[in-house]
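Structural features, examined
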Amino acid sequence: MSKTVLVSGGAGFIGSHVTVELIQAGYEVVVADNFSNCDTTCFEGVKKITGREDIPLVRMDFCDEAAVRKLFADYAIDAVIHFAAYKAVGESVAEPVKYYKNNLQSFLNVLDVAQEKGCNVLFSSSATVYGEPDTVPVTEQSPRKPATSPYGNTKQMCEDFLRDTVLATKGLVKGIALRYFNPIGAHPSALIGELPRGVPNNLVPFITQTAIGKRECLSIFGNDYPTPDGTCQRDYIDIVDLARAHVFAVRRMLDGKMEQDYEIFNVGTGRPVSVLELVNAFEKVNGLKLNYKFAPRRAGDVSAIWADPTLANEKLGWRAERSVEETLKSAWDWEKHLAGK
Ligand code: WQD
């Protein structure tokens with residue numbers, strides 16, 4: 001009998017790619033989303049890629065406790081992957097209460113029911129919990145630094161909520177936190193990808209929208225950082241590689257392979273790439289010239305952070321496989337698909 005995974009926020013960028021990989025790995029998936037930050041484009045794409053028209057989709061808000069309880073009453077959930085949250089760093093600084101109310105309450109509702117049902121929980125965390133690391137690459141033992149934004153703070157707090165729930169249930173609820181670095185790219189089918197609303201905050205969608213002509217010029221925020229070319233370094237991980245890490249983590253949970261009741265994994269490539277290197281790679285692999293300029297630093301940016309992914313490689317049996325060039329081609333193919341090209 002296939003196990004069933006609830007994917008909260010499953011109609012979004014990461015959630016939709018994870019849903020594809022879970023289904024293709026033989027899991028049943030229930031997608032729940034309030035569509036506050038996406039439309040049905042990616043969910044329709046998931047159905048086309050998997051050939052499954054029968055994927056349950058529940059429109060609901062995870063801040064609504066009764067709706068969360070109904071969801072767990074209507075479906076026999078073996079594990080939940082929690083993506084449903086706001087994720088714009090800058091917006092979180094401007095509107096902290098909106099972020100704390102939404103991101104914390106939604107996860108607390110999930111944990112409340114999960115502990116009653118003994119359901120395992122996988123939390124979508126972020127490398128942002130490391131702040132400006134003292135040394136790179138960062139391991140899971142690297143200290144979490146005071147969050148540089150309310151968004152980052154909600155990630156740290158939700159990790160603690162999960163840890164404490166696992167401890168309180170003495171392992172009845174098992175928990176895994178996956179700390180993503182910088183997810184980029186799109187599914188090779190170009191049927192699902194990143195669909196930012198309004199002006200993109202993140203680098204790669206801004207690059208592809210500049211290349212397609214939706215944006216005039218890319219501003220590279222700062223070229224005076226203490227890095228080889230002066231621009232910030234990040235660990236850009238392909239979205240399909242990231243999605244596959246969730247399948248490995250769910251398998252570890254549901255097949256009883258966990259060594260601790262609460263485990264944390266860095267999900268990254270281990271390869272630092274600077275903004276300028278990424279721009280140059282995008283131009284080269286897609287055969288185009290990008291209009292960009294250097295601009296002042298963006299508040300809150302860290303100069304360099306990338307993962308030591310050894311633990312995920314060894315314990316999950318997962319490693320990133322796609323090159324940054326392949327990923328940037330998939331990002332461009334997706335942008336052209338959106339433009340009907
Ligand atoms: C990457 C680099 C920018 C836009 C954040 C969150 C993280 C994750 C991904 C949320 C930085 C530079 C960007 C632009 C630029 N989750 N940049 N011009 O800030 O590393 O991580 O998003 O989605 O949790 O913290 O990602 O893509 O915004 O920036 O020069 O127009 O690109 O300064 O150096 P970030 P990013």
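Rules used throughout
- Residues numbered from 1 in each chain as written.
- Predicted model: local features only at pLDDT ≥ 70, side-chain atom pairs only at ≥ 80, totals over all residues.
- Heavy atoms only, no water.
- Helix = DSSP H or I, 4+ residues; strand = E, 2+ residues; numbered from the N terminus.
- Buried < 20%, exposed > 50% of the residue type's maximum accessible area, 1.4 Å probe, protein only.
- Contact = heavy atoms within 4.5 Å.
- Lys, Arg positive; Asp, Glu negative; His and termini not counted.
- Charge placed at Lys NZ, Arg CZ, Asp CG, Glu CD.
- Phe/Tyr/Trp six-rings, centres within 6.5 Å; stacked < 30°, edge-to-face > 60°.
- Lys NZ or Arg CZ within 6 Å of the ring centre and 35° of its normal.
- Near = heavy atom within 4 Å.
- Polar contact = N/O pair within 3.5 Å; in protein donor to acceptor, adjacent residues only side chain to side chain.
- Areas by Shrake-Rupley, 256 points an atom, 1.4 Å probe, with all protein chains shown as cover.
- Nonpolar A, V, L, I, M, F, W, Y, C, P; charged D, E, K, R; others polar.
- Salt bridge = Lys/Arg side-chain N within 4 Å of Asp/Glu carboxyl O.
- Pairing = 2+ DSSP bridges.
- Arc of directions from axis to C-beta.
- Core = buried A, V, L, I, M, F, W, Y, C linked by side-chain atoms within 4.5 Å.

**Looking at the overall build of the protein chain**
Assigned secondary structure in the protein chain consists of 11 helices and 13 strands. Counting all 341 residues of the protein chain, 57% fall into the buried class. Considering only contacts in the protein chain between residues 6 or more positions apart, those separated by 24 or more positions represent 80%. Of note, the protein chain has its 38 positive side-chain charges centred 2 Å away from the centre of its 43 negative side-chain charges.

**Some points on the packing of aromatic side chains**
With the rule as written, the count across this model stands at 5 aromatic pairs. Here the basic side chain of Arg-251 rests over the ring of Phe-248, its NZ or CZ set 5.5 Å away from the ring centre.

**Quick look at the site of the ligand**
With respect to spatial proximity, 20 residues lie near the ligand, and among them Ser-126, Leu-203, Ser-219, Arg-234 and Asp-301 are the closest. Measuring from an oxygen atom of the ligand, one finds a side-chain N or O atom of Ser-126 at 2.7 Å. At 2.9 Å, a side-chain N or O of Asn-182 approaches an oxygen atom of the ligand. When the ligand is considered free in solution it has 680 Å² of accessible area, and contact with the protein chains removes 90% of it. Among the secondary structure elements, those contributing two or more residues to the shell around the ligand are helix 7 (203–212) and strand 8 (218–221). The element that contributes the greatest number of residues to the shell around the ligand is strand 8, accounting for 4 residues. In terms of residue class, the shell around the ligand is made up of 10 nonpolar, 6 polar and 4 charged.

**Here we look at the pattern of salt bridges**
Evaluated as defined, the whole model comprises 29 salt bridges. Note that Asp-301 is salt-bridged to Arg-234, the shortest N-O span being 3.9 Å. Of this pair, Asp-301 sits in the loop between strand 13 (292–295) and helix 10 (310–316) while Arg-234 sits in strand 9 (residues 233–234), placing them 67 residues apart in sequence. Overall, Asp-301 belongs to the buried group, its relative accessible area being 19%. Among the residues examined, Arg-234 registers a relative accessible area of 11% and is labelled buried. Taking the shortest distance from any N to any O, the salt bridge between Asp-333 and Lys-329 comes out at 2.7 Å. One end of the pair is Asp-333 and the other is Lys-329, both in helix 11 (residues 324–338) and 4 residues apart, which spans about a single turn. We classify Asp-333 as partly exposed; its relative accessible area is 23%.

**Describing the pairing of strand 8**
The side-chain alternation of strand 8 yields one buried face, formed by Leu-218 and Ile-220, and one unburied face, formed by Ser-219 and Phe-221. As judged from the 4 bridges shared by strand 8 and strand 13, these two strands associate in the parallel manner. Residue pairing in the sheet places Leu-218 in a bridge with Tyr-292 of strand 13.

**As for the environment of Lys-214**
Turning to its location among the elements, Lys-214 is positioned in the loop between helix 7 and strand 8. For Lys-214, a relative accessible area of 53% gives the class exposed. In this structure the C-alpha to C-alpha distance between Lys-214 and Met-253, which are 39 residues apart in sequence, comes to 43 Å. Look past the residues within four positions of Lys-214 in its chain and what remains in contact with it is Gln-209 and Glu-335.

**Focus on helix 3 (residues 65–74)**
Buried residues of helix 3: Ala-67, Val-68, Leu-71 and Phe-72, and no others. All buried residues of helix 3 project into a common sector of 135 degrees when viewed along the axis, lining one side. Projecting away from the buried face of helix 3 at angles above 90 degrees are the exposed residues Ala-66, Lys-70 and Ala-73. One side-chain oxygen at the N-terminal end of helix 3 lies 3.1 Å from the backbone nitrogen of Ala-66; it belongs to Asp-64.

**Some points on the nonpolar core**
Core analysis: the biggest nonpolar cluster contains 41 residues, and Ile-14, Leu-22, Ile-81, Leu-122, Ile-176, Leu-178 and Val-250 have the highest contact counts within it. Considering each element in turn, this core owes the most residues, 10 residues, to helix 8 (residues 239–254). Those residues in contact with Ile-81 that lie beyond four places of it in its chain are Val-5, Leu-6, Val-7, Ser-8, Val-18, Leu-22, Leu-122, His-246 and Val-250. Core analysis: the second largest hydrophobic core is formed by 28 residues, Phe-62, Ile-77, Leu-111 and Cys-119 among them.

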